Amino acid sequence: MKPAEVLVLGAGPAGLAAAARLLERGEGSVRVRVVHMQDAPGGKAASWRSADGAIVEHGWHMMVGFYRNLFALMRRAGIDRTSAMVSMQGQSHCFEPWDGAVHTLSSAGGRLAVAARFAAYDGLPAVDRANFARFMAEAFALALSGERLTRHDDVCFDTWAVEQGLRRHVTRYSIFRFLRLAYFNFPEQISAYHVLQTMKLMSTSDDAELFACRGAYGEAVWKPIADYVTRLGAAFQPRVFVTRWLYDGDRIAGVRVADARPTGPLAPAHDDLPIVSGTERTLDGFDYVLSTLPLPVFTAMNRDDARMWGSPFFRRMLDLRSAVTMALTVVTSRRVPRSFPGPLHGFASPFDFVVDMKPYDAEAARDPAVGSMLVFGGQERGFEAWTDEQIVAFTLENVAPVFGDVRTLGIVKTEMHRNRHPWEQLFLSEPGVQPFRPDPRTPFRNLFLAGDWVRNAVDVVAMEGAVACGIEAADRLLAAASGGG
Amino acid sequence: MGAALPAHPPDPYAAEYVVAPSDDDVGTAAGQARAFAGGLLGIGRDGPELGAQGTLELMASAYLGVRASLAWTALRPGGEPMLLAASIGPSLHLVPYRRVDVSLFFEGGFAGVDLTGRPTAMPIVSPGLAVEVWLTGWAFLRGEGRIDWGIYGTSDAAHGYLRLFAVAGPGIAI
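The model shown is predicted, which means the values in this text are computed figures rather than measured ones.

As a further point, take the overall build of chain B. Helix and strand content of chain B: 0 helices and 8 strands. Counted from the first residue to the last, chain B has its helices and strands arranged as β-β-β-β-β-β-β-β. Whereas a compact globule of 174 residues would reach a radius of gyration of roughly 16 Å, chain B reaches 23 Å, over 25% beyond that. Dimensions of chain B, computed from C-alpha atoms along their principal axes, come out at roughly 95 × 30 × 25 Å. Here chain B holds 174 residues, and the buried ones make up 34% of them. Partitioning the contacts of chain B with sequence separation of at least 6, the portion at a separation of at least 24 is 53%.

With that out of the way, let us pick up the overall build of chain A. What chain A contains, in helices and strands, is 16 helices and 22 strands. Structurally, chain A occupies a C-alpha span of about 65 × 50 × 40 Å along its principal axes. Within the span of chain A, comprising 485 residues, buried residues form 53% of the whole. For chain A, the share of sequence-separated contacts (at least 6 apart) that also reach a separation of at least 24 residues comes to 74%.

Okay, the packing of helix 4 (residues 111-119) of chain A against helix 5 (residues 126-143) of chain A next. Residue and element names in this part refer to chain A. In contact at an axis separation of 8 Å, helix 4 and helix 5 are set at 150° when each is read in the N-to-C sense. By the angle between their axes, helix 4 is roughly antiparallel relative to helix 5. Pair helix 4 / helix 5 crosses with right-handed handedness. Each of A115, F118 and A119 in helix 4 lies in contact with helix 5, whose residues at this interface are A133, M136, A137 and F140.

Within chain B, residue pLDDT values average 87, and 93% of them lie at 70 or more. Overall fold confidence (pTM) sits at 0.88, and the ipTM for the predicted complex is 0.86.

Residues and elements named next belong to chain A. A cis amide bond links F186 to the next residue, P187, at an omega of 10°. With respect to the helices and strands, P187 occurs in the loop between helix 7 (174-181) and helix 8 (192-201). Of the consecutive residues S349 and P350, the connecting peptide bond is found in the cis state with omega at 10°. When you line up the elements, P350 lands in the loop between strand 17 (344-345) and strand 18 (351-356).

So, on to the nonpolar core. Residues and elements named next belong to chain A. In terms of nonpolar packing, the biggest core is built from 163 residues, with V6, A18, A19, L22, I225, L290 and V354 touching the most fellow members. Counting residues per element, this core draws most heavily on helix 16 (residues 463-481), which supplies 10 residues. Contact partners of V354, with chain neighbours within four places excluded, come to L344, F347, L374, V375, F376 and V399.

The next subject is the sheet that holds strand 14 (residues 288-291) of chain A. Residue and element names in this part refer to chain A. Strand order across the open sheet formed by 5 strands is 10-2-1-14-22, with parallel pairing between neighbours. Two strands in the sheet have a free side with no partner beyond their single neighbour: strand 10 (235-237) and strand 22 (447-449). Neighbour to neighbour, the strand axes of the sheet diverge by 20° on average, direction disregarded. Across 3 bridges, the pairing between strand 14 and strand 22 is parallel. Residue pairing for strand 22: V289 is matched across the bridge by L447.

For the rest of this paragraph, the subject is the sheet that holds strand 6 (residues 85-87) of chain A. Strand pairing in a sheet relies on backbone hydrogen bonds, with the paired strands running either antiparallel or parallel. Residue and element names in this part refer to chain A. Pairing is antiparallel across the open sheet formed by 3 strands, whose spatial order is 5-9-6. Across the chains shown, the open sheet's two edge strands, defined by having one partner strand only, are strand 5 (63-64) and strand 6. Judged from the 2 bridges that link them, strand 5 and strand 9 (residues 210-213) form a sheet pairing that is antiparallel. Directly across from M63, in strand 9, lies its bridge partner F211.

Before going further, it helps to examine the packing of helix 1 (residues 13-26) of chain A against helix 16 of chain A. Residues and elements named next belong to chain A. Following both chains from N to C, one finds helix 1 and helix 16 inclined at 35°, their axes separated by 7 Å at the closest point. The handedness of the crossing between helix 1 and helix 16 comes out as right-handed. Contacts from P13, A14, G15, A17, A18, R21, L22, R25 and G26 of helix 1 reach helix 16 at M463, A466, V467, C469, G470, I471, A473, A474, D475, L477 and L478. Partitioned by chemical class, the residues of the contact of helix 1 with helix 16 number 14 nonpolar, 3 polar and 3 charged.

With that settled, consider the interface of chain B and chain A. Every contact between the two is made by 27 residues of chain B and, on the other side, 29 residues of chain A. Partitioned by chemical class, the residues of the side of chain B that touches chain A number 18 nonpolar, 6 polar and 3 charged.

Residue and element names in this part refer to chain A. Strand direction decides the pairing type here: strand 1 (residues 4-9) and strand 2 (residues 30-35), joined by 6 bridges, are parallel. Of the residues in strand 2, the one forming a bridge with A4 is V30. Regarding topology, helix 1 serves as the crossover connection from strand 1 to the parallel strand 2, and that connection is right-handed. Pairing geometry for strand 2 and strand 10, over 3 bridges, is parallel. Paired with V34 across the strands is F236, a residue of strand 10.

Thresholds applied
- Residues numbered from 1 in each chain as written.
- Chains lettered and ligands numbered in written order.
- Predicted model: local features only at pLDDT ≥ 70, side-chain atom pairs only at ≥ 80, totals over all residues.
- Helix = DSSP H or I, 4+ residues; strand = E, 2+ residues; numbered from the N terminus.
- Rg over C-alpha atoms; globule rule 2.2 N^0.38 Å.
- Buried ≥ 20, exposed ≤ 12 C-beta atoms within 10 Å, placed from the backbone.
- Contact = placed C-beta atoms within 7 Å.
- Axes fitted to C-alpha atoms, helices over the stretch in contact; angles between N-to-C directions.
- Parallel < 35°, antiparallel > 145°, perpendicular 65-115°, else oblique.
- Left-handed = near helix turned anticlockwise from the far one by under 90°.
- pLDDT = per-residue confidence, 0-100.
- Core = buried A, V, L, I, M, F, W, Y, C linked by C-beta atoms within 7 Å.
- Pairing = 2+ DSSP bridges.
- Nonpolar A, V, L, I, M, F, W, Y, C, P; charged D, E, K, R; others polar.
- Right-handed = clockwise from strand over helix to strand, strands pointing away.

Here's what the structure looks like:
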């Protein structure tokens, strides 16, 4: 029997996981071609090398202990996790402006210890602490109860917490805001479902462990996985930008594409699509398409097509939104006076958390010219009109209560980028999004969707969500190809 | 010191970081654990009696709670039995999230009567009504009235037990 030809669009975590799954489970019944817009795989978790050889990431990423599907894929790809990733000692931290102190959250101990430590967080005054502890204990109990958590999707976590008896002002503490910052939602709200689902996923110390990459994500993780997928038989086509669906009835018959210009933080800024004019063409000859395109890219395609976007399945996607994440790296020649393992949250937006990557990044660790490498993350909303210089100045002011005046440590480099392009944006898990997120299966019988914005078993906006979704979409596609779905 | 940093516009979200309890952030809410202790004034057949009551209440929702009370009469007329009663039951709060809340409750339990003489166990039921006034987001004053009714036996007879109690005191909620 002739193998089914599958075109995978995108080589981020979802696309790589889908391609691997198709070839691992397809047992010769599928042939896979992966087209993606960048030079290297990784999608929104890709990394680059600047002219001076320094690593430039799309943003700061970490892996979390519950990333089981991704770790399994890394293992199958031959990646030694212990050399690629380094544990951040099970710690994260919150700066609380009201007392000017940094408070540590440790994930050490068993399941109860994780919940108890969170509930006993010492960064609040006694009365608020009691209120917070009671609320968190209840929230953890609910998250682990086996209840269908999606029923809490239509309310923001702040409101949900107040409904559960958390006093309103307690939602203003960093420890509480951090639950919403974790997905780059601030200043937007986050769905209570997503926070409860995160508590469920991170309820044990192993599952809550945080890992940093020892080097560039692209080199340490995505490239070896892409190589593995290639060994399985997939063909990769980089620098291909997808522009339009061509369909015939309920079947995708072709995909319009063009050569992509370089993109990413090091590429020149441009407002139009990054395509090379005159290279437009149609990809066809496939039986199935598995799209892992980011939400804003997907919803921009065929927008003049009332038939497609008027259908209930696709129309609801137009109500979903994405966030413009930002990254800032400040390298100093001397060490910051205080250093913390893991991320430090609680600063004013847009850069609400920072990690000193000096101990984790192998190249920075061995470079004596690098005292500290502060990597900040956050969302741009509200700061669109600010210049990069203004944001850097504001950020350094914000961290001064913890690190002092960072400028006195000898800033040798600042690098900031705003992920404004549609293909760079991160899905925003706002309240009430679940009914608007599509399933991997679409009304086109040969089109399947994956990505962090598509519903999946993990469902939180993270690399693991994308990987889980890629696997699920691949399974659905294989079932359809075998006549079972 | 480093070079002067460029000025920047005011933080658009400065108000988001202000941790200040709001004056109207008061009242009964879902999930609250509440503790209340009050002085108890009872009116029985032979006159008034005095005691104390402690109540714990857990709010399953903003309206429905479960409460458990322990009441003890310390001073009573000679003809009345001393009472140590433990009871539990549901409560219905009519005005949650407000400074003044009114609730109805219906507890049931057991009481040990005549503890200084021949103790005997007595099932009791205690319906009642409570009014609470919130002073802060976590402290309140509560007054409640309830009727305790039960039947207890002594060596020679069965006795009806009926008291009207008024309780008042402070409480806290987390």
